[in-house]
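As a plain string of letters, each chain reads:
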Amino acid sequence: MATTLISGGTVVSATGRAAADVLVDGETVRALLQPGSPLLGADVAASVDRVIDATGKYVIPGGIDGHTHMQLPFGGTEASDTFETGTRAAAWGGTTTIIDYAVQTYGQRIQDGLAAWHEKAAGNCAIDYGFHQIVGDVTPESLIAMRGLPDEGVTSFKMFMAYPGVFYSDDAQILQAMQVSRETGMLTMMHAENGPAIDVLAQQLVDEGKTDPYFHGIARAWEMEEEATHRAIMLARLTGAPLYVVHMSAKQAVAQVAWARDQGQNVFGETCPQYLYLSLEEQLGSPGFEGAKWVCSTPLRSRAEGHQDAMWQALRTNDLQTVATDHCPFCMKDQKELGLGDFRKIPNGIGSVEHRMDLMYQGVVAGHITLERWVELTSTTPARMFGLYGTKGVIQPGADADIVVYDPAGHTSIGYDATHHMNMDHSAWEGFEIDGHVDTVLSRGKIIVDGNSYLGAKGDGRFLRRDLSQYLV
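Residues numbered from 1 in each chain as written. Predicted model: local features only at pLDDT ≥ 70, side-chain atom pairs only at ≥ 80, totals over all residues. Heavy atoms only, no water.

Draft legend 1. Highlighting the overall build of the protein chain. Within the protein chain, the secondary structure is distributed over 14 helices and 23 strands. What you see for the protein chain is a C-alpha radius of gyration of 22 Å, in line with the 23 Å of a compact globule of 473 residues. Across its three principal directions, the C-alpha atoms of the protein chain cover 75 × 50 × 40 Å. Per-residue burial over the protein chain gives 62% buried out of 473 residues. In the protein chain, 76% of the contacts between residues at least 6 apart in sequence involve partners at least 24 apart. On the protein chain, roughly 16,600 Å² of surface is accessible, and the fraction owed to carbon and sulfur atoms is 49%. Distance from the positive charge centre (34 side chains) to the negative charge centre (58 side chains) of the protein chain: 3 Å. (Helix = DSSP H or I, 4+ residues; strand = E, 2+ residues; numbered from the N terminus. Rg over C-alpha atoms; globule rule 2.2 N^0.38 Å. Buried < 20%, exposed > 50% of the residue type's maximum accessible area, 1.4 Å probe, protein only. Contact = heavy atoms within 4.5 Å. Areas by Shrake-Rupley, 256 points an atom, 1.4 Å probe, with all protein chains shown as cover. Lys, Arg positive; Asp, Glu negative; His and termini not counted. Charge placed at Lys NZ, Arg CZ, Asp CG, Glu CD.)

Structure representation (structure tokens):
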């Protein structure tokens, strides 16, 4: 097995930073050494197969994106990134693990939904991957099948309070699933929006001739997110289930999570880069149909109402614990265009898996978060939250050698003709400039990105059987 020494860099963890050399033996980290340490010999560099010079750069654990949707059927089409293209793009951006969502559709067995996602991903991924399970049809049979998911290495499941007729579960179904969560220790993940009420508002807007993408955000008002978040918290409190609320965008909904956490509940919140940087007015409200590029759910919120600033603050105070992407890309042509004349028919999703690490680093540059918090939000806490910590999310002896060498003196221009490897015909991040650059990416010891060269291959990634959450109180 090849040995690699990453020398001269600053190793950054969730708890601090220090000058250290990292010795990689095969697929795992063997040692962290003080610069010049003779512990493993007088000249370690001469004894290894390769040396990566990280002088002046940060050495961080590979990013973990805990929320992606590769090849997801939605709105009459399918997310444009395959597991091959999406994970390759993730690798370019310093993400070395994704956790995607296997889908049980209405009338389908959970086991068959999970098997279908294994078939899509197996042998196609550039980086390691795991699955959450979407439970789209709560029946007595489904509740039995859910109990077997931890044995399959799937220790979290997602439910929807939105999308009636597609994924929606009512309160009684959610209650029963949360009882399984309490019994098994699995993490309940929730899309918290009041779907039936949103559908009424959306229909009323269309009836008034308000059909542009902007009105997607108006129909999915922040009150719908706050109300559903509170309801999910109450059901979790009643059942004793741990709750993780996905893609939070409204400051009022985050206040509900903060309240529950102050009461001692195992309640957690996730946000995404789009809710930190983009807005209802500037992107979703773009002229004509252009705003369709940014149609996602929960929707982009009003900058005038201060939601973006509130999201950054919640990340600083740990009222929100993780940043994922909810990567669900659709092209404008033949996909987003399905909603021309009716915003309700626009496939919901934004492509971000390639840019999360960079966009969050820009938050360090801007003073929103610390360098350590950057690592914590994008790698260490997702590893703990989803039962991967120790193997993933940290640079320490015995951990997988998922490592990113990040250059704070570098620069990254984001755009379709600049930095763009996702399988979509536009960039939701066109024109963004990042004061940093992903220089080198190792996945289990293999260099898969080196400067402007991609050295990985289809099938490099392995399925991860996850343990129960390591983040619960």
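Now that the structure is up, let's keep going.
Draft legend 2. The arrangement of the packing of helix H5 (residues 171-184) against helix H8 (residues 222-239) in detail. It is at 9 Å that the axes of H5 and H8 come closest, and there the two elements cross at 45 degrees. Judged by the angle between their axes, H5 and H8 are oblique. Viewed along their axes, H5 and H8 form a crossing whose handedness is right-handed. Contacts between H5 and H8 involve Asp171, Ile174, Leu175, Met178, Gln179 and Arg182 on the former and, on the latter, Arg231, Ala232, Leu235, Ala236, Leu238 and Thr239. (Axes fitted to C-alpha atoms, helices over the stretch in contact; angles between N-to-C directions. Parallel < 35°, antiparallel > 145°, perpendicular 65-115°, else oblique. Left-handed = near helix turned anticlockwise from the far one by under 90°.)

Draft legend 3. Broad picture of the packing of helix H13 (residues 356-365) against helix H14 (residues 371-385). Running from N to C, H13 and H14 point in directions that differ by 150 degrees, and their axes come no closer than 9 Å. Considering the angle they form, H13 stands roughly antiparallel to H14. The handedness of the crossing between H13 and H14 comes out as right-handed. Here H13 contributes Arg356, Met357, Met360, Tyr361 and Val364 to the contact with H14, which in turn contributes Leu371, Trp374, Leu377 and Thr378.

Draft legend 4. Focus on the pairing of strand E13 (residues 156-160). Counting buried positions along E13 yields 5 of 5 residues, so the element is predominantly enclosed. Burial of E13 is two-sided: the residues Ser156, Lys158 and Phe160 facing one way and the residues Phe157 and Met159 facing the other way are all buried. In the sheet, strand E12 (residues 128-135) pairs with E13 via 2 bridges, with the strands oriented parallel. Residue Gln133 lies in a different strand from E13, and its bridge partner there is Phe157. Crossover handedness for the path E12 to helix H4 (residues 140-146) to E13: right-handed. Examined bridge by bridge, E13 and strand E14 (residues 187-191) share 5 bridges and lie parallel to one another. Across the sheet, the residue bridging to Ser156 is Leu187, located in E14. (Pairing = 2+ DSSP bridges. Right-handed = clockwise from strand over helix to strand, strands pointing away.)

Draft legend 5. The sheet that holds strand E15 (residues 243-245), seen in detail. Sheet architecture is open: 8 strands sit in the order E8-E11-E12-E13-E14-E15-E16-E17, paired in parallel fashion. Every other strand in the sheet has two partners, leaving strand E8 (63-68) and strand E17 (322-323) as the edge strands with one partner each. As paired elements, E14 and E15 share 3 bridges and run parallel to each other. Its bridge partner being in E15, Thr188 is matched across the sheet by Leu243. In this fold helix H2 (residues 83-92) packs onto strand E11 (95-104) and E12, with an angle of close to 150 degrees to the strand it touches most, E11. Contacting E14, E15 and strand E16 (267-271), H8 crosses the sheet at an angle of about 170 degrees to E15.

Draft legend 6. The environment of Ile346, seen in detail. By the element assignment, Ile346 lies in the loop between E17 and H13. Sequence separation between Ile346 and Val12 is 334 residues, and the spatial gap between their C-alpha atoms is 41 Å. When near neighbours in sequence (up to four residues on either side) are disregarded, Ile346 contacts Pro213, Phe289, Ala292, Val295, Lys336 and Gly339.

Draft legend 7. Focus on the packing of aromatic side chains. What the rule picks out here adds up to 19 aromatic pairs. Seen from their ring centres, Phe74 and Tyr163 are 5.4 Å apart, and the 75 degrees between their planes marks the pair as edge-to-face. Placement of Phe74 in strand E9 (residues 73-74) and of Tyr163 in the loop between E13 and H5 is noted, with a sequence separation of 89 residues between them. Residues Tyr277 and Phe432 carry aromatic rings whose centres are separated by 5.8 Å and whose planes lie at 90 degrees to one another, so their mutual orientation is edge-to-face. With Tyr277 in helix H10 (residues 273-277) and Phe432 in the loop between strand E19 (412-413) and strand E20 (433-434), this pair connects stretches of sequence that are 155 residues apart. With relative accessibility at 18%, the residue Tyr277 sits in the buried group. (Phe/Tyr/Trp six-rings, centres within 6.5 Å; stacked < 30°, edge-to-face > 60°.)

Draft legend 8. Focus on the pairing of E11. Taking burial as the measure, the 10 residues of E11 include 10 buried ones, the bulk of the element. Sheet analysis places E8 next to E11, joined by 4 bridges and oriented parallel. What sits directly across from Ile64, in E11, is Thr97. Note: E11 against E12, 8 bridges, orientation parallel. Across the sheet, Ile98 pairs through a bridge with Tyr129, a residue of E12. Between E11 and its parallel partner E12, the chain crosses via helix H3 (residues 110-121), and the hand of that crossover is right-handed.

Draft legend 9. Inspection of H14 at higher detail. For H14, which comprises 15 residues, the first-to-last C-alpha distance of 20 Å matches the rise-based estimate of 21 Å (1.5 Å per residue) to within 8%. Of all the bends in H14, the greatest measures close to 50 degrees and is centred on Leu377. The buried fraction of H14 is high, at 13 of 15 residues. Positioned one or two residues after H14, Gly387 has a phi angle of 70 degrees, which is positive. (Expected span 1.5 Å × (residues − 1). Bend = angle between axes of the 7 residues up to and from the residue.)

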